[in-house]
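One-letter residues, chain by chain:
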There are 2 protein chains.
Amino acid sequence: MPTALPDLPKRPQVLVIGAGFAGLALAKKLKNTKYDVTLLDRNNYNTFQPLLYQVATGGLEPDSIAYPIRKVLQGKANLSFKMAEVERIVPERKVVETNIGPIEYDYLVIATGSKTNFFNFVQQEEHLMGLKSVPEALNLRSFILQNFEKANNLPKGQTQSPLLNIGIVGGGPTGVELAGALGEMKQFVFPKDYPDLDLSQMRIVLLEAADRLLGGMPDAASKRALEGLQKLGVEVKLQAKVEDYDGKTLSTSDGFSLPTETLIWAAGVQGDFPLGINAEVIRGGNRIAVDEYNRILGYSDVFVLGDVAAMITKDTPRGYPMLAPVAIQQGEQLGKNLIRESKGQAWKPFRYLDKGNMATIGRNKAVVYFLGQNFGGFIAWLMWMFVHMMYLIGFRNKVTTLWGWIYNYFTYDRALRLIIRPFERKTRTRKADLVNTGA
Amino acid sequence: MPTALPDLPKRPQVLVIGAGFAGLALAKKLKNTKYDVTLLDRNNYNTFQPLLYQVATGGLEPDSIAYPIRKVLQGKANLSFKMAEVERIVPERKVVETNIGPIEYDYLVIATGSKTNFFNFVQQEEHLMGLKSVPEALNLRSFILQNFEKANNLPKGQTQSPLLNIGIVGGGPTGVELAGALGEMKQFVFPKDYPDLDLSQMRIVLLEAADRLLGGMPDAASKRALEGLQKLGVEVKLQAKVEDYDGKTLSTSDGFSLPTETLIWAAGVQGDFPLGINAEVIRGGNRIAVDEYNRILGYSDVFVLGDVAAMITKDTPRGYPMLAPVAIQQGEQLGKNLIRESKGQAWKPFRYLDKGNMATIGRNKAVVYFLGQNFGGFIAWLMWMFVHMMYLIGFRNKVTTLWGWIYNYFTYDRALRLIIRPFERKTRTRKADLVNTGA
């Protein structure tokens, strides 16, 4: 420790940027230890990203899948939180510059997660809908409903389809789950809400560049997902290369085109980290290379966890997949290693315990790959619900979510079809999105 | 009916502006009748305004107290909804001009409710927080939490009190209930969330111009409310005339001043109606004078319901109070009268059945005036909860709200302390508040 006071030894300061799965797992592991842990986040809540698509489709309240960070830390004297935006890391001075001033650290942990990867579609970003945050999920919910209201208000004879059609780029879990939920709304909800609309005009199209959905799962799961979505009326285009979208018409390289106001971009994510660190960045995913202790090569006191870390090993030439379980396990492992450090014990390298992965397709249908086994149908759907509920933070959120699911199941409804803040596409400036002025 | 087709007699078109308590009560009454009813609203949901203060204080999800209008109308063939902004009524042509084009009517019903009355504080409006809509409630929730985060981030020694203090103008039910909820948060929630803040610096001040709280209720209730709030640490200033607020310091005519960033204006409401009607407007409340059939004097086919109607009778020289039960009963009565009309029967004048009124002060405490009797304490609190839950639309919202209350009761918590869309005070333009650009 650099500047210990003469009589009162300074407690080592662990500064964690990002209160996502990884940051919170680390902080919890370090409670009641000799470390002081400060969590920084630009939001005052943790987002359970795997369920954002249910917020976007009116199945769950945003409040159910977001959890106040201060509530996680209540009563834990050595853990604290600051709501702040990081501007730059200055490792030479062991300080992080933020919008609320500089904050010193002994150990720095970068757990800033990922953001949407638009690849070569960055120019079209202002036309695209994302699904990586609670405001984005609420914007998508509003936007789809606004377009339905607009279509309903069109003079007779004018074509409604561009307002009703929805394109989704990316056949990973987010794209598949969102497409399934929208397919169910088209079948069970929209016809009752909009008896005057011709819903045969509405197309839900899921585009995937590879030759199968759910690339991270076994072939059997991909096939099940494809069949399930098709049964729900979703058009799935595989090996589809999106070529252009001008806010009006989506086109692919093989000549397919879809007139749509709504194109949801779920094609990938990339690491999102602050300036100031001199590290090797793995291209493609934009992730920081780390060793098996989640340490950045060349630093002894800076660590990277979760989506933003690329731990290159013999088995993981491009790092572990960007998934919640990896983030949680890395957070816990770093916590254990810091405790070992404080006891003078040797650090242990990270080993990922892959419990499998899963995606839901719709009512009674999911695909689960768990401990080397494939599950489908109703059993998989129950497993999916159980696991997601267990990962939700807090008893209130668990119960509210369970109640929402029970209601949705028995009524075939998605009740939260509210346009609380109408959304307008414009040149996108993140700040403007997040701040509401006036009331 | 003006323009009946030769062989297919045209069904009379009832156009209702506003899907609040009054508009929805009327529409429901007219289902399966010979009328076609079109509801217009700028929002696609109905707001349960009496519980907005619980959204603002993190006790309930906004989704629990808002209800999609289309869901109310599902399966009712002669009722329909259009999301639109009314620009002007043109009674000579029996048409309403809107942002989606003109809409014709045979009977027009204005049920547009009320908006905040800033009295001579209109100039200061941009500094004030309102509580009349879901976005306003969410803005208030964000703003209070943002100020706490800011106070927590202040350098040591700098005064936190302007960020922590909260002023509330208006000792009616909204002001009293909000003050009580904030008093409880100060006692039970904020100390746990912000162990580093000196909460003894936080003042919650409720200002009322009259000499007692809850002016619409008996003296006994006023006294109970005053004592209850004082026990929760709320400073109540009676006969307080707010003189100035510049966004920093509130001052009254008798020399009291409070440094606060947050001043909530709950001092009154006024009728909010579209242009184009040539009617007598009752000053003060800005309400349209109507006869005992809710008809505007001088029109045979234009009606006004609820907050925006001033039905002047011998007993109500300034109209009935602006309360949900009045709006609901007037909506139902007009519905019954239109049914009578269609059967060639005579109309019946409106008679208000005053079941009483109520306000909650905090945990286990409410005041209820019901059928001429005063209730207080735990019994009144149960009555308050039961009545509010019954008025909420929809089974899902009832259950979610009840669960929220049970959780709040047993945990002493207000769990939804999320800053989803940070709020910034600026020159206020209603549009800018409601629209989010970018994501």
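That block above? That's the structure.
What you see is a predicted model; the values in this text were computed from it and never measured.

Chemist: It is not clear to me how the packing of aromatic side chains should be interpreted in this structure. Could you clarify?
Modeler: The description of two aromatic rings rests on the distance between their centres and on the angle between their planes. Residues and elements named next belong to chain A. The final tally for this structure, using the stated rule, is 40 aromatic pairs over all chains. Here Trp-381 and Tyr-409 contribute two aromatic rings whose centre-to-centre distance is 5.2 Å and whose plane-to-plane angle is 35 degrees, an arrangement assigned as tilted. Residue Trp-381 is found in helix α10 (residues 377-391), and its partner Tyr-409 is found in helix α11 (residues 395-411); the two are separated by 28 residues along the sequence. Members of the aromatic cluster, connected to one another through ring pairs, are Tyr-35, Tyr-107, Tyr-293, Phe-303 and Trp-347.

Chemist: Explanation requested: the environment of Asp36(A) in the structure shown.
Modeler: All names here are of chain A. By secondary structure assignment, the location of Asp-36 is in strand β2 (residues 36-41). With relative accessibility at 22%, the residue Asp-36 sits in the partly exposed group. In sequence terms Asp-36 and Arg-318 are 282 residues apart; their C-alpha atoms lie 33 Å from each other. When residues no more than four places from it in sequence are discounted, the contact partners of Asp-36 are Arg-11, Pro-12, Gln-13, Val-14 and Asn-78. There is a polar contact of 2.8 Å between the side chain of Asp-36 and the side chain of Arg-11. A distance of 3.1 Å separates the side chain of Asp-36 from the side chain of Gln-13, its partner in a polar contact.

Chemist: Mind showing me how you'd approach the sheet that holds strand β15 (residues 242-245) of chain B here?
Modeler: Sheets are built from strands paired through backbone hydrogen bonds, the pairs being either parallel or antiparallel. All names here are of chain B. Strands sit in the order β15-β16-β17 across an open sheet of three strands; the sheet is antiparallel. What marks the edges here is a single partner per strand, and that holds for β15 and β17 (257-259). Averaged over all pairs of adjacent strands, the angle between strand axes in this sheet comes to 15 degrees, irrespective of strand direction. For β15 and strand β16 (residues 249-252), the ladder comprises three bridges, and the chain directions are antiparallel. Note that in β16 the partner of Val-242 across the bridge is Thr-252.

Chemist: Any chance you could explain the side chain of Thr360(B) here in plain terms?
Modeler: Residue and element names in this part refer to chain B. Locating Thr-360 in the fold gives a position in strand β24 (residues 356-362). Classification of Thr-360 as buried rests on a relative accessible area of 6%. Within polar-contact distance, the side chain of Thr-360 engages the backbone oxygen of Lys-365 at 3.1 Å. Not counting the four nearest positions on each side in its chain, Thr-360 is found in contact with Tyr-53, Val-176, Glu-177, Lys-365, Ala-366, Trp-381 and Trp-384.

Chemist: Would you mind going over unusual backbone geometry with me for this structure?
Modeler: Most peptide bonds take the trans form, and the phi angle of most residues other than glycine is negative. Residues and elements named next belong to chain B. The phi dihedral of Asn-32 is positive, around 55 degrees, even though this residue is not glycine. Assignment of secondary structure puts Asn-32 in the loop between α1 (21-29) and β2 (36-41). Located in the positive-phi region is Lys-94, a residue other than glycine, with phi close to 55 degrees. As for its position among the elements, Lys-94 is in the loop between β6 (86-90) and β7 (95-98).

Parameters at a glance
- Residues numbered from 1 in each chain as written.
- Chains lettered and ligands numbered in written order.
- Predicted model: local features only at pLDDT ≥ 70, side-chain atom pairs only at ≥ 80, totals over all residues.
- Heavy atoms only, no water.
- Phe/Tyr/Trp six-rings, centres within 6.5 Å; stacked < 30°, edge-to-face > 60°.
- Helix = DSSP H or I, 4+ residues; strand = E, 2+ residues; numbered from the N terminus.
- Buried < 20%, exposed > 50% of the residue type's maximum accessible area, 1.4 Å probe, protein only.
- Contact = heavy atoms within 4.5 Å.
- Polar contact = N/O pair within 3.5 Å; in protein donor to acceptor, adjacent residues only side chain to side chain.
- Pairing = 2+ DSSP bridges.
- Axes fitted to C-alpha atoms, helices over the stretch in contact; angles between N-to-C directions.

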